[in-house]
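Observations on the three-dimensional arrangement
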Amino acid sequence: MISAHEALARLREGNRRFVADVGRRPRVSGGRRIELTLDQNPLAIVLGCSDARVPAEIVFDQGLGDLFVIRVAGNIVAPSQVGSVEFAASRFGTRLVVVLGHTQCGAILATIEELRQPADHQSRNLSSIVDRVRPSVEGLLRTDLRHDPDALVREAVRSNVRASVDHLRHGSAILEQLGQSDGLMIVGAEYSLETGVVEFLD
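Just so we're clear, the structure is a prediction, and the values are computed from it rather than from any experiment. (Residues numbered from 1 in each chain as written. Predicted model: local features only at pLDDT ≥ 70, side-chain atom pairs only at ≥ 80, totals over all residues. Heavy atoms only, no water.)

Within the protein chain one finds eight helices and five strands. Along the three orthogonal principal directions, the C-alpha set of the protein chain runs to about 55 × 40 × 30 Å. Across the protein chain, contacts joining residues at least 24 apart in sequence account for 72% of those joining residues at least 6 apart. Accessible area of the protein chain: about 10,300 Å², with a carbon and sulfur share of 50%. Averaged over its 23 positive side-chain charges, the protein chain has a centre that lies 4 Å from the centre of its 26 negative ones. (Helix = DSSP H or I, 4+ residues; strand = E, 2+ residues; numbered from the N terminus. Contact = heavy atoms within 4.5 Å. Areas by Shrake-Rupley, 256 points an atom, 1.4 Å probe, with all protein chains shown as cover. Lys, Arg positive; Asp, Glu negative; His and termini not counted. Charge placed at Lys NZ, Arg CZ, Asp CG, Glu CD.)

Below, the structure written as structure tokens:
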């Protein structure tokens, strides 16, 4: 089993390769695909945004079977996401969970717009995403950040990542137990669309 700290070091190194444009995209051969039909042993679980510009395997320069990726708009945590993280951590012994947000997140922008001027005909499904992001943004709109749209979005993205990390750390008895007894680590991170750099927030 790969420790959380070793997995984190591998992700940092992979992102450095990606940013330097010297990515190896290791282990993507047909042989690797066949090898994975019997089992998988991902080094990290990544709960990321479904934004097409933020594919975790590419920005961390990882190959087939290296990451267990869960993608949803706004990298929100709902019961199905918690269950997916529990499944991978319990079944595969994966000891690192990364909540990966990103700059200019559309779900954050939609939430800010909704809080400033509620939409009359927003779908119930989109509302379910906005409602999960809302607590991360509401408090910020009561600060001076409301006068600086760019700073507001930047801080809202990070606040939303931290809220998702907190939910995973304290909203699941299984994950909490794995953290206390088996070294499971849950961290937040932000991917910069502009630079390609992943900044770990914890």
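With 36 residues, the main nonpolar core has Ile-45 and Leu-168 as its most contacted residues. Of all elements in the fold, only β1 (44-48), β2 (67-71), α4 (79-92), β3 (96-102), α5 (106-116), α6 (124-138), α7 (149-170) and α8 (173-181) reach the threshold of two or more residues within this core. Apart from residues lying up to four places away in sequence, Ile-45 is in contact with Phe-68, Ile-70, Val-85, Ala-88, Ala-89, Thr-94, Leu-96, Val-97 and Val-98. In terms of nonpolar packing, the next biggest core, distinct from the first, is built from 22 residues, Val-46, Leu-96, Leu-100 and Met-185 among them. (Core = buried A, V, L, I, M, F, W, Y, C linked by side-chain atoms within 4.5 Å. Buried < 20%, exposed > 50% of the residue type's maximum accessible area, 1.4 Å probe, protein only.)

Let's shift gears to the pattern of salt bridges. Tallied over the entire structure, the rule returns nine salt bridges. Of the charged contacts, one joins Glu-155 and Arg-162 as a salt bridge, the two residues approaching to 3.5 Å between their closest N and O atoms. For Arg-162, a relative accessible area of 39% translates into the label partly exposed. (Salt bridge = Lys/Arg side-chain N within 4 Å of Asp/Glu carboxyl O.)

In terms of burial, β1 is a largely internal element, five of the five residues being buried. Of the strand pairs in this sheet, β1 and β2 are connected by five bridges, and their pairing is parallel. Counterpart to Val-46 in the pairing with β2 is Val-69. The sheet contact formed by β1 and β3 spans four bridges and is parallel. Within β3, the position partnered with Gly-48 by the bridge is Leu-100. (Pairing = 2+ DSSP bridges.)

In this section: the packing of aromatic side chains. Counting across every chain of the model gives five aromatic pairs. Note on Phe-68 and Phe-92: the rings are 6.0 Å apart at their centroids and 45° apart in plane angle, and the pair reads as tilted. Here Phe-68, found in strand β2, pairs with Phe-92, found in helix α4; they are 24 residues apart in sequence, far enough to count as distant. Seen in terms of ring centroids, Phe-87 and Phe-92 are 5.5 Å apart; in terms of plane orientation they differ by 85°. Their pairing is edge-to-face. With a relative accessible area of 37%, Phe-87 lands in the partly exposed category. The exposure class of Phe-92 is buried, given its relative accessible area of 15%. (Phe/Tyr/Trp six-rings, centres within 6.5 Å; stacked < 30°, edge-to-face > 60°.)

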